[in-house]
Amino acid sequence: MVDSSDKLFQHRLEQAEIAVSRGEAQRGTRWYPGWHIAARSGWINDPNGLCFYGGRYHVFFQHHPYSPEWGPMHWGHVSSTDLVRWRREPIALAPSLEEDRDGVFSGSAMEAPDGTLAVYYTGHRWRNGRNEDDGNLQVQCRAVSRDGIHFVKKGIVVAALDGVRHSRDPKVWRAHDGVYWMVLGVCSRQNRGEVWLYRSHDAVAWDYHSVLYQDPDPDAFMLECPDAFPVGDGLWAIVYCPMGPKPVGWRNRNGHNAGYVLGTWREGEVFQQVTDYAPVDWGHEFYAPQSFLAPDGRRLLFGWMGSFGAPLPCAQEGWSGQLTAPREVRLRYDGTRPRLELVPAAEVTRLAEGAGAPEVWEGELSANTVRRIAADFPQGEILLEWDPAATQSERLSVRLRSPEDGSTVVVAWDDLAGRIVVDRGAAGQGPRGVRGAPVNRDGLGGTGLGAMHLRLLVDRGSVEVFSNAADPVSSYWFAGLGDRTVELLSENGSTGVRVTLQPFRDAWEQ
Ligand code: FRU
């Protein structure tokens, strides 16, 4: 039986589809990603509800279908059998109940005991109906689906918390003993950023369990989009996005920053923190990562590349925000210190299929001489390999350049800074600045050209940089009109390098 609230829900979904189709027909093409997940048009932020269900990967995301600005949140949806060829699905969730009146905020998914797909999201209301000035009213809600595409809303599972300004972004998982856990990002009554833990025996009724984690930084007043998962050796990662920390050196430079701590934990007991907070990614645009388990047991993660600050140039094209490439998360050690390593999911290389053969160039880059290695390279992978012990170079760069206006984004191993950097100082469009991940040379095995590498995953508006010596650095790159050339430069010292350029195909199923 279809009741009136369900009718309104269906109506809101239909309206949203009309808006997004209209936007798609007018969307610009200069920076729209060829192979990253983005909405057909409009705004997106956090990845939501990541799961493998019914033989497909499902990626939902925070979505405002009516404009390229943040607005009342919906859940957009794409799915895939292989993580690289994506199918557009209808918008999954839209505001329609009193409790999600001002937005269907972030959340997660898991298979329920009865085999349906259950999603948990934050029902958001502004207390004054307009903005945060008088606080938020945030509750956690459930919706279920038999096919992973069409959802029925089931209402509130965690009520509003008295005296709490922010409580949102439920991330759920099933423990081995059949117990279900949920972590929630909370601004405590003392204004501290915390992760709260809830427990359920049926994935429907949830009880408060404990405060799993409080950020030791007193400036952090809210931890958005928390995630918690085992990484091996008895360790768990708690990943979260602290609101409030001040910029220090290379850290916390973005309006929004995501990081993690590692600790020992047995489900239900006290979390013992082992490592200090560390960024997940050091780029200009990386936020709200969410992880999930692939059927083969790998822990995969997507983040959001975007910004709540000044509008990004892509908004001129009628869209804003994309997700990162899927990344595999693994436990690694620097000596005895554990850390997370994020590498592109192995599937990403399949984007090369049917996209043309790789081009390889190997030789000596003489000092201070720019070498052009591709005339136009809009999307694909650039692998740069060299031996850091065999060069006096101060800075070895891949320069992504627009010859028409001369704008350039530099991706470099900067030996003086001791970092892998993305330098947007000479970018033509969008926010500038340098971001960079510290290089750790201890972990490098062997010598020769393969000793150190930079792996750039390039799309029409972005570059994600991976290295065997540093954490990832992910940033937008808004090229000028015309060709996008790739150049190499070794400053104040020559370097022997091997560079492999592999174009990628588009990701969208028609
Ligand atoms: C993080 C966030 C979440 C919230 C959502 C709203 O980017 O602020 O905490 O659920 O975005 O769109």
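Residues numbered from 1 in each chain as written. Predicted model: local features only at pLDDT ≥ 70, side-chain atom pairs only at ≥ 80, totals over all residues. Heavy atoms only, no water.

With that settled, the discussion passes to the overall build of the chain. Along the backbone of the chain there are one helix and 35 strands. Taken over the C-alpha atoms alone, the chain extends approximately 70 × 55 × 45 Å along its principal axes. Evaluated residue by residue, the chain yields a buried proportion of 61% over its 510 residues. Residue pairs at least 24 apart in sequence account for 60% of intrachain contacts in the chain once pairs closer than 6 positions are excluded. Surface accessibility of the chain: about 19600 Å² in total, with carbon and sulfur atoms responsible for 48%. Charge centroids of the chain, computed over 52 positive and 65 negative side chains, lie 2 Å from each other. (Helix = DSSP H or I, 4+ residues; strand = E, 2+ residues; numbered from the N terminus. Buried < 20%, exposed > 50% of the residue type's maximum accessible area, 1.4 Å probe, protein only. Contact = heavy atoms within 4.5 Å. Areas by Shrake-Rupley, 256 points an atom, 1.4 Å probe, with all protein chains shown as cover. Lys, Arg positive; Asp, Glu negative; His and termini not counted. Charge placed at Lys NZ, Arg CZ, Asp CG, Glu CD.)

Spatial strand order, β5-β6-β7-β8: four strands in an open sheet with antiparallel pairing. At either margin of the open sheet sits one strand with a lone partner, and together these are β5 (104–111) and β8 (152–158). For this sheet, the mean inter-axis angle between neighbouring strands, taken without regard to orientation, is 30°. Across six bridges, β5 lies against strand β6 (residues 117–126) in antiparallel orientation. In the sheet register, E111 faces β6, and the bridge partner there is L117. (Pairing = 2+ DSSP bridges. Axes fitted to C-alpha atoms, helices over the stretch in contact; angles between N-to-C directions.)

Along the polypeptide, R125 turns up in strand β6. Taking relative accessible area as the criterion, R125 reaches 12% and is therefore assigned buried. At a separation of 3.3 Å, a polar atom in the side chain of R125 contacts the side chain of E98. In this view, R125 contacts E98, E99, R101, D102, N136, L137 and V139; residues no more than four positions away in its chain are not counted. (Polar contact = N/O pair within 3.5 Å; in protein donor to acceptor, adjacent residues only side chain to side chain.)

With that settled, consider the site of the ligand. With respect to spatial proximity, 13 residues lie near the ligand, and among them D46, Q62, R168, D169 and E224 are the closest. Contacts to the ligand include R168, whose side-chain N or O atom sits 2.7 Å from an oxygen atom. D169 places a side-chain nitrogen or oxygen 2.6 Å from an oxygen atom of the ligand. Among the elements of the structure, β1 (42–53), β5, β9 (167–174) and β13 (222–232) are those that each provide at least two residues to the shell around the ligand. (Near = heavy atom within 4 Å.)

Among all residues save glycine, negative phi is the norm, and among peptide bonds the norm is trans. The phi angle at L83 is positive, at roughly 75°, despite the residue not being glycine. Mapped onto the elements, L83 comes out in the loop between β3 (74–80) and β4 (87–93). Taking the relative accessible area as the measure of exposure, L83 reaches 2% and is therefore buried. Within the chain, C225 stands out as a residue other than glycine whose phi angle is a positive 45°. Along the chain, C225 turns up in strand β13. Among the residues examined, C225 registers a relative accessible area of 9% and is labelled buried.

Another aspect to go through is the packing of aromatic side chains. Overall, the coordinates contain 27 aromatic pairs when judged by the stated rule. When the centroid spacing of 6.2 Å and the interplanar angle of 65° are considered together, the rings of W70 and W126 count as edge-to-face. With W70 in the loop between β2 (56–64) and β3 and W126 in strand β6, this residue pair connects regions lying 56 residues apart in the sequence. When its relative accessible area of 32% is taken as the criterion, W70 is described as partly exposed. Overall, W126 belongs to the buried group, its relative accessible area being 15%. Connected via pairs of aromatic rings, a cluster forms that spans W43, Y287, W304 and F308. Against the face of F9 rests K153, its NZ or CZ located 4.6 Å from the ring centre. Above the face of the W282 ring, R419 is positioned so that its terminal group lies 5.3 Å from the ring centre. (Phe/Tyr/Trp six-rings, centres within 6.5 Å; stacked < 30°, edge-to-face > 60°. Lys NZ or Arg CZ within 6 Å of the ring centre and 35° of its normal.)

Within the open sheet, the six strands sit side by side as β24-β35-β26-β31-β32-β33. Their pairing is antiparallel. Either end of the sheet is taken by a strand with one partner, and the two such strands are β24 (359–365) and β33 (470–476). Averaged over all pairs of adjacent strands, the angle between strand axes in this sheet comes to 15°, irrespective of strand direction.

Glancing now at the environment of Q26. Its location among the elements puts Q26 in the loop between α1 (4–25) and β1. Sequence separation between Q26 and L365 is 339 residues, and the spatial gap between their C-alpha atoms is 44 Å.

Next up on the list: the environment of A92. Structurally, the position occupied by A92 is in strand β4. Judged by relative accessible area, which is 1%, A92 ranks as buried. Counting along the chain gives 60 residues from A92 to V152, while the straight-line C-alpha distance between them is 9.7 Å. A92 has contacts with F9, L13, F60, W75, H77, I149 and F151, leaving out every residue within four places of it along the chain.

This part takes up the pairing of β9. The element β9 is largely enclosed, with a buried count of seven among its eight residues. As judged from the six bridges shared by β9 and strand β10 (residues 180–187), these two strands associate in the antiparallel manner. Residue K171 lies in a different strand from β10, and its bridge partner there is V183. Connecting β9 to the next strand, β10, in antiparallel fashion are five residues, including G178 with a positive phi near 80°.

For α1, spanning 22 residues, the distance from its first C-alpha to its last is 32 Å, which sits close to the expected 32 Å at 1.5 Å a residue. Within α1, the full set of buried residues consists of F9, L13, A16, A19, V20 and G23. Looking down the long axis of α1, one finds its buried residues gathered within 130° of arc, a one-sided arrangement. More than 90 degrees from the buried face of α1, the exposed residues found are S4, K7, R22 and A25. Buried residues belonging to α1 abut β2, β3, β4 and β8. (Expected span 1.5 Å × (residues − 1). Arc of directions from axis to C-beta.)

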